[in-house]
Amino acid sequence: MRKRNRQDLNRLSKVSFFSLLVLLSVVIIIVVIAVFLRNPNMYKDFEQFTLGTYVHLKISTKSNPDLISKEIFAEMDRISQKFDPYKKDSILYELNHSNDWLEVDDETFALIELALRYAKITDGAFDPTLGRLIDLWGFSHFSEKFSENDGFTVPNAKEIEEALNKSGYEKIQLDYNKKAIKTNGVWIDLGGLAKGYALERAYQIAKTADPECSGFVEAGGDIRILGPKFGKDFWIIGIKNPRGTDSVSYIYLKSGSVATSGDYERYFIKDGLRYHHLINPKTGFPANGAISATVISDDAISADAFSTAAFVLGVQNWLFTRTVFPKNNSEVFLISPDQKIYKTDGFSMYEKIY
Ligand code: ADP
Ligand code: MG
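The structure presented is a predicted model; accordingly, all values stated were derived computationally and were not measured. Counting restarts for each chain: residues are numbered from 1 in the order of the written sequence. Note on labels: chains are lettered from A, ligands numbered from 1, in written order. This being a predicted model, a pLDDT of at least 70 is required before a residue's local features are given, and a value of 80 or more before pairs of side-chain atoms are given or counted; all residues contribute to the totals for chains, interfaces and linings. To obtain the side-chain values, all non-hydrogen atoms of the structure were included, while hydrogens and water were left out.

*Asks:* Got a minute to help me understand the site of ligand 1 in this structure?
*Replies:* In the vicinity of ligand 1 lie 19 residues, with Asp189, Lys195, Ser261, Asp304 and Thr308 positioned nearest. In the model, an oxygen atom of ligand 1 is placed 2.7 Å from a nitrogen or oxygen of the lysine 195 side chain. The definition of a polar contact used here is a pair of N or O atoms within 3.5 Å, where within protein one atom must be able to donate a hydrogen and the other to accept one, and adjacent residues in sequence count solely through side-chain atom pairs. Aspartate 304 has a polar side-chain atom sitting 2.8 Å from an oxygen atom of ligand 1. Each accessible area value is a Shrake-Rupley result obtained with a 1.4 Å probe; residue values ignore everything except the protein chains displayed when judging cover. In the complex, the protein chains occlude 94% of the 570 Å² of accessible area that ligand 1 would expose alone. A cutoff of 4 Å decides nearness: a residue is near a molecule or strand if any of its heavy atoms lies inside that distance of it.

*Asks:* How do you make sense of the pairing of strand S8 (residues 235–240) when you look at a structure like this?
*Replies:* The side chains of a regular strand alternate between the sheet's two faces. Summary of the burial criterion: residues with accessible area below 20% of their type's maximum are buried, those above 50% are exposed, and those between are partly exposed, where the area comes from a 1.4 Å probe applied to protein chains only. Secondary structure elements follow DSSP: runs of H or I no shorter than four residues count as helices, runs of E no shorter than two count as strands, and numbering proceeds from the N terminus. Burial along S8 is one-sided: Trp235, Ile237 and Ile239 are buried, while Ile236, Gly238 and Lys240, pointing the other way, are not. Bridge count between S8 and strand S9 (residues 247–253): six bridges; the pairing is antiparallel. When the bridges of S9 are listed, isoleucine 239 appears paired with serine 249. Here the rule is simple: two strands pair whenever DSSP picks up at least two bridges between them. With antiparallel pairing between neighbouring strands as the criterion, S8 and S9 make up a hairpin whose turn holds six residues.

*Asks:* I tried to follow the layout of surface pockets on my own but got confused; where do I start?
*Replies:* Over the atoms a probe the size of a water molecule is rolled, and this reveals where empty space is left. The way it works is a 1 Å grid over only the protein atoms, where trapped points that fit a 1.4 Å probe form a cavity and open points with protein on both sides within 12 Å along at least five of seven lines form a pocket, and then any residue with an atom within 4 Å of a point lines it. Grid points are joined across faces, edges and corners, and a volume is the space filled by probe spheres set on the points. What the second largest pocket holds in volume is close to 300 Å³. Contributing to the lining of the second largest pocket are 22 residues, with Gly124, Ala125, Asn280, Pro281 and Lys282 lying nearest its centre. In this classification, Asp, Glu, Lys and Arg are treated as charged, Ala, Val, Leu, Ile, Met, Phe, Trp, Tyr, Cys and Pro as nonpolar, and every other residue, Gly included, as polar. Residues of the lining of the second largest pocket, tallied by class, amount to eight nonpolar, nine polar and five charged.

*Asks:* Looking at this model, I keep getting lost on the coordination of the magnesium ion (ligand 2). Mind explaining?
*Replies:* Working reference: metal with six octahedral donors, ideal angles 90 or 180 degrees; metal with four tetrahedral donors, ideal angle 109.5 degrees. A 2.8 Å cut-off from the metal defines N, O and S donors, relaxed to 3.2 Å for Na, K and Ca; water is not in the atom list, so some sites may appear incomplete. Those protein atoms acting as donors to the magnesium ion (ligand 2) are Asp304 (O), Asp304 (OD) and Thr308 (OG1), and they sit at 2.0 to 2.4 Å. Taken together, the residues aspartate 304 and threonine 308, both in helix H8 (residues 300–313) and four residues apart, mark about one turn of the helix. Of the two residues, aspartate 304 and threonine 308, neither departs from the other in class, the shared state being buried.

*Asks:* For this particular structure, what's the right way to read the sheet that holds strand S14 (residues 330–335)?
*Replies:* Sheets are built from strands that pair by backbone hydrogen bonding, the pairs being arranged parallel or antiparallel. The strand order across the open sheet formed by eight strands is S1-S2-S6-S7-S10-S13-S14-S15, and the pairing between neighbours is antiparallel. At either margin of the open sheet sits one strand with a lone partner, and together these are strand S1 (44–50) and strand S15 (341–343). The average undirected angle you get between the axes of adjacent strands in this sheet is 10°. Fitted lines through C-alpha atoms serve as axes, helices being fitted only where they are in contact, and the angles separating the N-to-C directions of these axes extend from 0 to 180 degrees.

And the structure:
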């Protein structure tokens with residue numbers, strides 16, 4: 001009887017040992033599958049108000065997404081403060097108010113030099129020296145957070161002429177040896193490419209942390225793709241109808257960048273007329289040859305600068321835009337004031353999945 005009992009006990013412990021082993025294996029398999037499947041499909045979203053707009057980061061990474069987002073938003077805050085020409089402690093304020101050569105840091109020199117290159121390529125439509133005009137029109141302190149119409153007045157002809165006389169990218173002098181800049185009375189405003197620069201820095205930060213990360217960063221309609229959706233699919237981006245709430249087209253991107261400049265986000269209405277923040281350097285008035293310009297480029301700085309330029313050039317200069325911009329790896333989608341659509345030859349490639 002006692003012998004039987006011991007045999008039973010032995011069998012029982014063998015059974016429970018095996019079931020424990022099976023259970024443990026199942027748990028290990030589940031954990032391994034979870035770890036392998038988790039990353040490619042999991043996107044985390046972050047949003048913060050910076051650069052005068054809402055910035056949205058969507059990222060999937062094996063690295064730490066919270067840390068990456070913190071670093072990106074801190075960098076955007078830094079750029080936004082450093083290059084705000086109307087804040088007294090910024091480098092641009094210092095440059096704009098010095099009457100002589102001023103030595104600047106590498107980043108400032110490189111960014112201004114780049115902005116001047118865009119000015120030359122676009123025949124001055126993109127002009128980073130319109131600070132006095134932008135300030136005169138009241139757009140220097142205009143942010144999406146405070147978009148009331150109040151407090152805006154249309155400057156008179158004399159004021160515009162004076163500000164125009166103290167504008168023009170050709171007045172800027174660069175000393176490449178001393179890394180010094182002389183503004184000769186103009187006020188530098190990098191608003192036309194600052195967002196693109198910040199998006200490009202965001203891209204660099206994310207890719208340094210994890211070269212395989214995917215997702216995108218979006219700042220007030222400008223988008224920098226980090227990598228294909230789920231590692232293989234296109235991101236679908238709508239081009240907003242500037243006079244409605246729908247989209248006028250869709251583009252498909254796995255990499256690169258897209259930016260839109262429009263007359264519908266930063267503007268005021270006076271006596272039934274719309275005055276927006278994209279200034280024609282030839283007239284000193286808001287440019288009137290387009291209501292929206294979207295540009296696809298390899299990088300966010302080009303997309304940003306070229307979308308501002310394409311807007312300013314408008315339909316009047318469409319032949320120039322459609323010839324020159326694609327040579328600089330930029331495809332354009334322009335909407336005229338009478339809501340006709342103009343596209344560079346290569347743009348359609350992005351409107352379909354081939
Ligand atoms: P948004 O910032 O609304 O997306 P843009 O990228 O086109 O629009 O940049 C608009 C900003 O560019 C203006 O707020 C101003 O600081 C600056 N800007 C205005 N007109 C010009 C111009 N002709 N060339 C370069 N920058 C400009
Ligand atoms: Mg721009």
